[in-house]
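Inside the fold
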Amino acid sequence: MQKFKILLFLILASVWSVYANSTSSPSHGNQSQMLLVLSLIIGGASLSWIVRKVGLPAVTGELGLGMIFAIFAHYGFGFWPQVVNSQLIAFFADIGSILLLFEIGLESSVSDLFKVGKHGLLTAIIGILLPFGLGYWLLGDLLLSSHDIKLNLFLAATLAATSTGISVRVFKDLGIINNPACQIVLAASIIDDILGLIILAFVSGLVIAGEASYSSIGLILLNVTAFFFMTLVLARKITPHIINQILRISNDEPMVLAILLSFCLFWAWTASLIGLASIIGAFVAGLIIDEITFRRSQHPYWYNRLLEMDDHDGSYRDFKTDIFSHYHKERLSNLVKPLNHAFVPIFFVYAGMQVDIIAVANLQIILYGLAISIVAIFGKVASGFLLPKSINRLLVGFGMVPRGEIGLIFALTGKELGVFSPEIFAAILIMVIITSLVTPIALQKIVRGSKI
């Protein structure tokens, strides 16, 4: 009861802050507004224990909070209409998604991804082709009775998109990120992003020019090949030498963190430069940085004390080995986690803010949205059906379900090109909402009901 009194106080304080800020003099400017907004987003997201109390993943609370803010914006409450479209909040959200995937990359290894590479490729291909075919034929031809090839292609392309940020967050919260099924989702998401980029280029070129621009598709393939060659081949060999030279200048913990963030943001920028999602660059940056490279950097006080501990009879040998093993394995990811605790919730709250549930509250649109959602969920869940029985197929399938910001990018592109009507665009928004909310709930139930 005491917790809910505190929650009620925070809500009332937040509402009062919004009113007070919205009626303040213009001299305060946008900066003070953004400070308040970040306070509300981070503080509100920290109340995710409420949804965990009822057995839901924390990310559903963050998405739900964003949707509440979107309702404020819909009715013009305070400064929320500006917040929903704020480039500054969008930038912080991007940083959150980049840091999340960077942390996952630090906790993963190239060898583990290569082990599931063929399964990831199979999952990605099925997860692209099946939703694409169902979107074109079942939704375009039958449900909408559309004879517009461009509309059907864009609808199919939107259903083929995948955004695994939500799934990755759930995997981390459940502590199963290194499970083979989760590694398959990570591998498939990279392949899916590349294939989705090619499909978007193909369909957009067809709409704009009336025909596909094969030169642009060829350029994308060339850029993607060059990117992965630079990162997984060249950078993996060069990076340790660069880091060793930097550590000669200073090898304390702040320097280690500075190196990690610099590499993360550099490769995120490089990926976005060639048209790939920045989160792919961040994930790959985490993969190519090896903890062994940082062994010469300074360690915490407790580490040195434990190392100096006398162990003549070997009674503490196993204990020390276990402690050091876990420390070295998790050291780099633990350095970036404090930042992630602040920035990652901003990403999920912002994703929820992009979905105006009031605007799509129309029976026909809702029915269209439900139909699209069913096809979208089935198309991705089925992507895991052909995997070996030793792998949790449902975990892989539902891990590929969210459309998130990638689905929104496809939908917004279709809207800007005049392919999607406001009604179809609203129905696609419903699909984005449903796939974003269903996924964490389904993944949690699958994990609890299995031996993982």
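Residues numbered from 1 in each chain as written. Predicted model: local features only at pLDDT ≥ 70, side-chain atom pairs only at ≥ 80, totals over all residues. Heavy atoms only, no water.

1. With respect to the overall build of the protein
Of regular secondary structure, the protein possesses 20 helices and zero strands. Considering only residue pairs separated by 6 or more positions, the protein has 81% of its internal contacts joining residues 24 or more positions apart. When the accessible area of the protein is evaluated, it comes to approximately 21,400 Å², of which 66% is carbon and sulfur surface. (Helix = DSSP H or I, 4+ residues; strand = E, 2+ residues; numbered from the N terminus. Contact = heavy atoms within 4.5 Å. Areas by Shrake-Rupley, 256 points an atom, 1.4 Å probe, with all protein chains shown as cover.)

2. With respect to the packing of helix α4 (residues 58–74) against helix α20 (residues 422–448)
Across the interface, α4 lies against α20 with an axial gap of 9 Å and an inter-helix angle of 155 degrees. In this view, α4 runs roughly antiparallel relative to α20, as classed from their interaxial angle. Two packed elements cross with a definite hand, and for α4 against α20 that hand is left-handed. Listed contacts from α20 to Val59, Thr60, Leu63 and Met67 of α4 are Ile433, Ser436, Leu437, Pro440 and Ile441. Of the residues in the contact of α4 with α20, the class split is seven nonpolar, two polar and no charged. (Axes fitted to C-alpha atoms, helices over the stretch in contact; angles between N-to-C directions. Parallel < 35°, antiparallel > 145°, perpendicular 65-115°, else oblique. Left-handed = near helix turned anticlockwise from the far one by under 90°. Nonpolar A, V, L, I, M, F, W, Y, C, P; charged D, E, K, R; others polar.)

3. Details of the packing of helix α8 (residues 117–143) against helix α9 (residues 149–160)
At a closest axis distance of 7 Å, the pairing of α8 and α9 adopts a crossing angle of 140 degrees. Relative to α9, the element α8 is oriented oblique. The interaxial crossing formed by α8 with α9 has right-handed handedness. Contact with α8, carried on its side by Gly127, Ile128, Pro131, Phe132, Gly135, Tyr136, Leu139, Gly140 and Asp141, involves Ile149, Asn152, Leu153, Leu155, Ala156, Ala157, Leu159 and Ala160 of α9 and no other residues of that element. Residues belonging to the contact of α8 with α9 are distributed by class as follows: 12 nonpolar, four polar and one charged.

4. Section: the packing of aromatic side chains
All told, the structure shown has 12 aromatic pairs when counted by the stated rule. For the ring pair Phe266 and Trp269, a centre distance of 6.1 Å and an interplane angle of 40 degrees mean the geometry is tilted. Placement of both Phe266 and Trp269 in helix α13 (residues 253–273) is noted, with a separation of three residues, approximately one turn of the helix. Every member of this aromatic cluster is reached through a ring pair, and the members are Phe227, Phe228, Phe266, Trp267 and Trp269. (Phe/Tyr/Trp six-rings, centres within 6.5 Å; stacked < 30°, edge-to-face > 60°.)

5. Considerations on the pattern of salt bridges
Tallied over the full model, the rule gives four salt bridges. Across the salt bridge formed by Glu62 and Arg169, the nearest N and O atoms sit 3.0 Å from each other. Separated by 107 residues along the polypeptide, Glu62 in helix α4 and Arg169 in helix α10 (residues 165–174) bring together distant segments of the chain. Assigned by exposure class, Glu62 and Arg169 land together as buried. Residues Asp192 and Lys380 are paired through a salt bridge, measuring 3.3 Å at the closest nitrogen-oxygen approach. (Salt bridge = Lys/Arg side-chain N within 4 Å of Asp/Glu carboxyl O. Buried < 20%, exposed > 50% of the residue type's maximum accessible area, 1.4 Å probe, protein only.)

6. A word on a nonpolar patch on the surface
Together, Phe229, Met230, Val233, Leu234, Ile238 and Ile242 give the surface a local cluster of nonpolar side chains, amounting to about 490 Å² of exposed area. As for its placement among the helices and strands, Val233 is situated in helix α12 (residues 214–249). We classify Val233 as partly exposed; its relative accessible area is 34%. (Patch = residues over 30% accessible without salt bridge, like charges linked within 9 Å, V, L, I, M, F, W, Y side chains within 5 Å.)

7. Side note on the nonpolar core
One finds Trp80, Phe102, Phe228, Leu276 and Leu395 to be the most contacted residues of the largest nonpolar core, which totals 97 residues. Per element, the largest residue contribution to this core is 11 residues, and it comes from helix α11 (residues 180–209). Lining this core are residues from two domains, each supplying at least three of them: domain 1 (1–85) and domain 2 (90–450). In terms of nonpolar packing, the next biggest core, distinct from the first, is built from 35 residues, Leu153, Ile199, Val203 and Phe425 among them. (Core = buried A, V, L, I, M, F, W, Y, C linked by side-chain atoms within 4.5 Å. Domains from an automatic or database assignment.)

8. Focus on α20
Working note: α-helix, 3.6 residues per turn, so residues spaced by three or four point in the same direction. In this model, α20 (27 residues) spans 40 Å end to end at C-alpha, consistent with the 39 Å of a helix rising 1.5 Å per residue. Where burial is concerned, most of α20 is hidden: 19 out of the 27 residues are buried. (Expected span 1.5 Å × (residues − 1).)

9. Focus: the side chain of Thr123
Relative to the assigned elements, Thr123 resides in helix α8. For Thr123, the residues in contact, after removing those within four places along its chain, are Ile184, Ala188, Ser383, Leu387, Val396 and Met400.

10. Description of the confidence of the model for the protein
When pLDDT is averaged along the protein, the result is 78, and 79% of the positions lie at 70 or above. In the model of the protein, helix α1 (residues 2–22) stands out as the element of lowest mean pLDDT, 45, in contrast to helix α18 (residues 393–399), which has the highest, 93. Every residue in residues 1–28 scores below 50 in pLDDT, and together they form 21 contacts with partners more than four places removed in sequence or on other chains. (pLDDT = per-residue confidence, 0-100.)

11. Looking at the side chain of Ser167
By the element assignment, Ser167 lies in helix α10. Ser167 gets classed as buried once you look at its relative accessible area, which sits at 0%. Those residues within four positions of Ser167 in sequence are excluded, and the remaining contacts are Phe398, Gly399, Pro402, Thr439 and Leu443.

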